[in-house]
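Descriptive structure summary
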Amino acid sequence: MPLMPKRTKFRKSHRGSRSGNAQRGTSVAFGDFGLQCLGRAWMSNRQIEACRIAINRFLKRKGKVWIRIFPHKSITRRPPETRMGKGKGAVDGWVAVIRPGTMLFEVAGVPESQAREAMRLASYKLGFPTRFVVRNPHS
């Protein structure tokens, strides 16, 4: 079952703007270590799932993993070799809008070396730059 909203107000959405930096969800809030985005992109539900599987496989189900993003935005696609016009295409998938600073994943209950390696494996599934973040002990 892919990650997607249970229901939305409208089936098809505008492309919107990816400019600016993330305003919220930028710090490690739940776990001890996180994977933070440095670029801007649409992250598909399949990419989120691939990252989740990569992290869980490496950690061998130890510790706890948080997914800090959700694909709320619908993406449409026209059939191949279709002429211009005739309206907007059918919904093809779901994406999360990612801006610089967004915390993508967090883990807790594992050593830093293991968390760093798990996040490295997850980052290979993505097409934008990320960095490994350690929770600030003062927050």
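Please refer to the structure placed before this passage.
These notes cover the structure that comes with them.

Rules used throughout
Within each chain, residue numbers correspond to sequence positions counted from 1 in written order. Where totals are concerned, whole chains, interfaces and linings use all residues; where local detail is concerned, this predicted model gives features only for residues with pLDDT of at least 70, and gives and counts side-chain atom pairs only at 80 or more. To obtain the side-chain values, all non-hydrogen atoms of the structure were used and water was disregarded. Under the DSSP-based scheme used, a helix requires at least four consecutive residues in state H or I and a strand at least two consecutive residues in state E, with every element numbered from the N terminus. Accessible area is worked out with a 1.4 Å probe on protein chains only. A residue is then buried under 20% of its type maximum, exposed over 50%, and partly exposed in between. Whether two residues are in contact is decided by their heavy atoms: any pair within 4.5 Å suffices. Points on a 1 Å grid, built from protein atoms alone, make a cavity when a 1.4 Å probe fits but cannot get out and make a pocket when they are open with protein on both sides within 12 Å along at least 5 of 7 lines; residues with an atom within 4 Å of a point are the lining residues. Grid points are joined across faces, edges and corners, and a volume is the space filled by probe spheres set on the points. Throughout, the ten residues Ala, Val, Leu, Ile, Met, Phe, Trp, Tyr, Cys and Pro are labelled nonpolar, Asp, Glu, Lys and Arg are labelled charged, and all others, Gly among them, are labelled polar. Working definition: a ring pair exists when centres of Phe, Tyr or Trp rings (six-membered ring for Trp) sit within 6.5 Å. Plane angles under 30 degrees give stacked, over 60 give edge-to-face, the rest tilted. A ring has a charge above it when a Lys NZ or an Arg CZ is no more than 6 Å from the ring centre and no more than 35 degrees off the ring normal. Counted as salt bridges are all cases of a side-chain nitrogen of Lys or Arg within 4 Å of a carboxyl oxygen of Asp or Glu. Each polar contact in these results corresponds to two N or O atoms within 3.5 Å; when the atoms are within protein, one needs to be able to donate a hydrogen and the other to accept it, and residues that are neighboring in sequence are counted only if both atoms are side-chain atoms.

**A short note on the overall build of the protein chain**
When you go through the protein chain residue by residue, the secondary structure sums to two helices and seven strands. Each of the three principal axes of the protein chain carries a C-alpha extent, and together these read 55 × 30 × 25 Å. Burial status across the protein chain gives 36% buried among its 139 residues. Counting contacts in the protein chain only where the partners sit at least 6 residues apart, residues at least 24 apart contribute 79% of the total.

**Here's the deal with the layout of surface pockets**
Rolled over the atoms, a probe sized like a water molecule indicates the empty space that remains. In this structure, the largest pocket occupies an estimated 220 Å³ of space. The residue makeup of the lining of the largest pocket, split by class, is six nonpolar, four polar and three charged. Reported here for the second largest pocket is a volume of approximately 170 Å³. In terms of lining, the second largest pocket is formed by Ser44, Asn45, Arg46, Ile75, Arg77, Asp92, Gly93, Trp94 and Val95. If you list the elements that add at least two residues to the lining of the second largest pocket, you get α1 (45–59), β4 (73–77) and β5 (90–98). For the lining of the second largest pocket, the element with the highest residue contribution is β5, accounting for four residues.

**Here we look at the packing of aromatic side chains**
Under the definition given, this model contains two aromatic pairs. Relative to Trp66, the ring of Phe30 has its centre 6.1 Å away and its plane inclined at 20°; by these criteria the two rings are stacked. Remark: Trp66 occurs in strand β3 (residues 64–67) and Phe30 occurs in the segment before β1 (33–37); sequence separation between them is 36 residues. Residues Phe33 and Phe132 carry aromatic rings whose centres are separated by 5.6 Å and whose planes lie at 20° to one another, so their mutual orientation is stacked. Here Phe132 lies in strand β7 (residues 130–134) and Phe33 lies in strand β1, a separation of 99 residues in the sequence. In terms of burial, Phe33 and Phe132 fall into one category: buried. A cation over a ring is seen here: Arg18 above Trp42, with NZ or CZ 4.5 Å from the ring centre. When the ring centre of Trp66 is taken as origin, the NZ or CZ atom of Lys64, which lies over that ring, is 5.0 Å away.

**Overview of the pattern of salt bridges**
Across all of its chains, the model carries five salt bridges by this definition. A salt bridge links Asp92 to Arg77; the shortest N-O distance between them is 2.8 Å. Taken together, the positions of Asp92 in strand β5 and Arg77 in strand β4 put the pair 15 residues apart, joining distant regions of the chain. Arg77 sits in the exposed class, given a relative accessible area of 53%.

**Examining the side chain of Asn45**
Here Asn45 lies in helix α1. In this structure the side chain of Asn45 is engaged in a polar contact, spanning 3.2 Å, whose partner is the backbone oxygen of Leu3. Sequence-distant contacts of Asn45, that is, excluding residues within four places in its chain, are made with Pro2, Leu3, Pro71 and Trp94.

**Some words on the side chain of Ser123**
Inspection of the secondary structure puts Ser123 in helix α2 (residues 112–123). With relative accessibility at 16%, the residue Ser123 sits in the buried group. A distance of 2.7 Å separates a polar side-chain atom of Ser123 from the backbone oxygen of Arg120. Each residue touching Ser123, except ones within four places of it in the same chain, is listed here: Leu35 and Thr130.

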